[in-house]
Amino acid sequence: MATGRSNKLVGQTGEYLVAAELSRRGLIATTFTGNVPDYDIIASDATGRHVSVQVKASRGRSWQFGDITRYCDIKFNGHRQVVGKAQPCPVRRLVVVFVTLGGERDDRFYILTWQRLRDLLVRHHVAYLRKHGGTRPKQWKSLHSGIVEQSLLPYRDRWKTIERNLR
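Residue numbers restart at each chain and count upward from 1, following the sequence in its written direction. Only residues with pLDDT of 70 or above have their local features reported here, since the model is predicted, and side-chain atom pairs are shown and tallied only from 80 upward, although totals for entire chains, interfaces and linings are computed over all residues. Calculated side-chain values reflect all of the structure's heavy atoms, with hydrogen atoms and water omitted.

A. Focus on the side chain of glutamate 21. Note on placement: glutamate 21 falls in helix H1 (residues 4-24). Pairs of N or O atoms within 3.5 Å make up the polar contacts considered here, provided that, within protein, one atom can donate a hydrogen while the other can accept it, and that residues adjacent in sequence are counted only when both atoms are side-chain atoms. Polar contacts involving the side chain of glutamate 21 include one to the side chain of arginine 25, which spans 2.9 Å. For helices the rule is a DSSP run of H or I covering at least 4 residues; for strands it is a run of E covering at least 2, with both sets numbered from the N terminus onward.

Written out as C-alpha cells, the structure reads:
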C-alpha cells in the first residue's frame, strides 16, 4: 500500500513532467503543487492566452476518483443509483492530463478536456451500474469511480488539445 508521502511524490512528479513537456512545446507552465482545488498548472503562450491544466498521475494503469457526483448527479432509489444530468466544468477551458509514470523516459501522457473526461466517467459508471442491476455490489452507497489506461488510449499524446484551448 502506498503511503501519503509516496502518493504526494507521484502527483508532484506528474505535475513537473507535464510542466516540462508544456515548456518544451513553447508554453510557459506554472505549477501550484496542490494548492488550487481544480487545477495544477496554468499554461500560457507568448501572446498571453492561457489554459488551466489538471494533472492526474499514477504508477499503475488506473486512476481513482473519490466521488462521481463531481461529474454527474446521482440519486438513490432504494439501493439503486440513478444517474442524472452531467455537472458543468468547474473551471473554464480545463484540460486534464493523465500521466502514467514509467521507467526513465517511459512516461505516457493522455490529454483530454474535462468535459470529455466527465463523459467517459459517466458512461463507465452507467455501464457498471447496468451490469449490476443499478446497485453497486459491494457497497451500494459508494460513489467511487475510476478509469483505466485502456480507456484513455485514444487521447495519448494529444498535446494539441491544450493548444486548442488557449484563450
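After that view, the rundown keeps rolling.
B. Expanded view of a positive patch on the surface. Patch criteria: residues need more than 30% relative accessible area and no salt bridge. Like-charged residues are merged within 9 Å; nonpolar side chains of Val, Leu, Ile, Met, Phe, Trp and Tyr are merged within 5 Å. Accessible areas in this description were obtained via Shrake-Rupley with a 1.4 Å probe; residue shielding takes into account the shown protein chains only. The salt bridge criterion pairs a side-chain nitrogen of Lys or Arg with a carboxyl oxygen of Asp or Glu, the two atoms within 4 Å. In this tally Asp and Glu are treated as negative and Lys and Arg as positive; neither His nor the chain ends contributes. Lys charges are placed at NZ, Arg charges at CZ, Asp charges at CG and Glu charges at CD. A contiguous patch of positive charge on the surface is contributed by Arg116, Arg123, Arg158 and Arg164. The residue arginine 164 is located in helix H4 (residues 160-164) in this model.

C. Quick look at the pattern of salt bridges. With the rule as written, the count across this model stands at 9 salt bridges. Its salt-bridge partner being arginine 118, residue aspartate 119 comes within 3.1 Å of it at the nearest N-O pair. Partly exposed residues are those whose accessible area sits between 20% and 50% of the maximum for their type, while under 20% is buried and over 50% is exposed, using a 1.4 Å probe and protein chains only. Arginine 118 gets classed as buried once you look at its relative accessible area, which sits at 13%. For lysine 160, the salt bridge goes to glutamate 163, with nearest N and O atoms at 3.5 Å.

D. Focus on the environment of leucine 94. By secondary structure assignment, the location of leucine 94 is in strand E7 (residues 94-100). Judged by relative accessible area, which is 1%, leucine 94 ranks as buried. Taking the C-alpha atoms as reference points, leucine 94 and leucine 166, 72 residues apart in sequence, are found 10.0 Å from one another. If we ignore the near neighbours within four places in the chain, the residues touching leucine 94 are Asp38, Tyr39, Ser52, Val53, Gln54, Cys89, Thr113, Trp114 and Gln115. Residues count as neighbours in contact if any of their non-hydrogen atoms are within 4.5 Å of one another.

E. Summary view of unusual backbone geometry. Although it is not a glycine, arginine 93 adopts a positive phi angle of roughly 55°. Relative to the helices and strands, arginine 93 is located in the loop between strand E6 (80-86) and E7. Relative accessible area serves as the criterion here: at 16%, arginine 93 is assigned to the buried category.

F. Geometry of the sheet that holds strand E3 (residues 50-58). Strands are treated as partners if at least two bridges between them are detected by DSSP. On the basis of which strands lie adjacent, the open sheet formed by 5 strands has the order E1-E2-E3-E7-E8 and mixed pairing. Edge positions in the open sheet fall to strand E1 (28-31) and strand E8 (108-113), since each of these has one partner strand only. With strand direction ignored, the average angle separating the axes of adjacent strands in the sheet is 25°. Examined bridge by bridge, strand E2 (residues 41-44) and E3 share 4 bridges and lie antiparallel to one another. Paired with serine 44 across the bridge in E3 is histidine 50. To define axes, lines are fitted to C-alpha atoms, for helices over the stretch in contact only, and angles between the resulting N-to-C directions are given on a 0 to 180 degree scale. Across the sheet, H1 lies against E1, E2, E3, E7 and E8, angled at about 135° from E3, the strand it touches most. The sheet strands contacting helix H2 (residues 114-131) are E3, E7 and E8, and the helix crosses E8 at an angle near 95°.

G. Representation of the packing of aromatic side chains. Between the rings of Phe, Tyr and Trp (Trp by its six-membered ring), a pair exists once the centres lie within 6.5 Å; its type follows the angle of the planes, with under 30 degrees stacked, over 60 edge-to-face, and the other angles tilted. This model, assessed by the stated rule, comprises 7 aromatic pairs. An angle of 70° between the planes, with centres 5.0 Å apart, marks the rings of tryptophan 63 and phenylalanine 98 as edge-to-face. Residue tryptophan 63 is found in strand E4 (residues 62-65), and its partner phenylalanine 98 is found in strand E7; the two are separated by 35 residues along the sequence. Like phenylalanine 98, tryptophan 63 is buried. The interplanar angle of 20° and the centroid separation of 5.3 Å between the aromatic rings of tyrosine 71 and tryptophan 114 together place this pair among those described as stacked. Of this pair, tyrosine 71 sits in the loop between E4 and strand E5 (72-77) while tryptophan 114 sits in helix H2, placing them 43 residues apart in sequence. Each member of the pair, tyrosine 71 together with tryptophan 114, is buried. Among the aromatic residues, ring-to-ring pairing joins Trp63, Phe65, Tyr71, Phe98 and Trp114 into one connected group.

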